Amino acid sequence: MVSQKVTVKNPSGLHLRPAGILCKEAMKYKSLITFNYSDGTANAKSVLSVLGACVKCGDEIEIFCEGTDEKEALEGLITSIESGLGE
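Throughout what follows, the structure given in this document is the object of discussion.

Describing the pairing of strand β3 (residues 40–43)
Taken residue by residue, a regular strand's side chains alternate between the two faces of the sheet. Inspection of the sheet shows strand β2 (residues 32–37) paired to β3 by four bridges, in the antiparallel sense. Across the sheet, T34 pairs through a bridge with N43, a residue of β3. Here β2 folds back onto β3, and the loop between the two strands holds two residues.

If you want it as structure tokens, here you go:
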């Protein structure tokens, strides 16, 4: 298992469009991908789970990847989040 903390930079946080982009990126990988936020844990492959996390701009989340392609998955998700998830 690998993990890394990242700060969400989107001005409006993880609302529907960025959540969808995050999930689409996570679905590219076989690994189990979750993230911890202030109130719990969310499944990065589920749009509803990501939306339910209510992550705002400036919030720090910790992404966890476990599986055969965990390092690639973590790198891809961190890159997507740091690039603003399409915003």
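That was the structure; now back to the text.
A short note on the side chain of S31
For S31, the location among the structural elements is in the loop between α1 (16–26) and β2. Polar contacts involving the side chain of S31 include one to the side chain of D69, which spans 2.5 Å. Residue contacts for S31: discarding those within four places in its chain leaves K45, E66, G67, T68, D69 and E70.

Some points on the sheet that holds strand β4 (residues 60–66)
Overall, antiparallel pairing links the four strands, which are arranged β1-β4-β2-β3 in an open sheet. Two strands bound the open sheet, and with one partner strand each, they are β1 (2–7) and β3. Neighbour-to-neighbour, the strand axes of this sheet turn through a mean angle of 25 degrees, independent of strand direction.

Observations concerning the state of the cysteines
Considering all chains together, one arrives at zero disulfides under this definition. Distance from the sulfur of C23, which forms no disulfide, to the nearest cysteine sulfur (C65) is 13 Å. Free cysteine C54: the closest other cysteine sulfur is in C23, separated by 14 Å. Residue C54 is classed as partly exposed on the basis of its relative accessible area of 47%.

So, helix α3 (residues 70–82)
Taking 1.5 Å as the rise per residue, α3 with 13 residues should run 18 Å; its terminal C-alpha atoms sit 18 Å apart, in good agreement. Turning to α3, its buried residues number three or more, namely E70, A73, L74, G76, L77, I78, S80 and I81.

As for the nonpolar core
One finds L22, I33, F35, V55, I61, I63 and C65 to be the most contacted residues of the largest nonpolar core, which totals 26 residues. For this core, the secondary-structure elements that each account for two or more residues are β1, α1, β2, β4 and α3. The element contributing the most residues to this core is α3, with five residues. Look past the residues within four positions of I63 in its chain and what remains in contact with it is V2, S3, Q4, V6, I33, T34, F35, L74, L77, I78 and I81.

Topic: the pairing of β2
Pairing of β2 with β4 involves five bridges; the strand directions are antiparallel. Following the sheet pairing, F35 is matched in β4 by I63.

Scoring rules and cut-offs
- Residues numbered from 1 in each chain as written.
- Predicted model: local features only at pLDDT ≥ 70, side-chain atom pairs only at ≥ 80, totals over all residues.
- Heavy atoms only, no water.
- Pairing = 2+ DSSP bridges.
- Helix = DSSP H or I, 4+ residues; strand = E, 2+ residues; numbered from the N terminus.
- Polar contact = N/O pair within 3.5 Å; in protein donor to acceptor, adjacent residues only side chain to side chain.
- Contact = heavy atoms within 4.5 Å.
- Axes fitted to C-alpha atoms, helices over the stretch in contact; angles between N-to-C directions.
- Disulfide = S-S within 2.5 Å.
- Buried < 20%, exposed > 50% of the residue type's maximum accessible area, 1.4 Å probe, protein only.
- Expected span 1.5 Å × (residues − 1).
- Core = buried A, V, L, I, M, F, W, Y, C linked by side-chain atoms within 4.5 Å.

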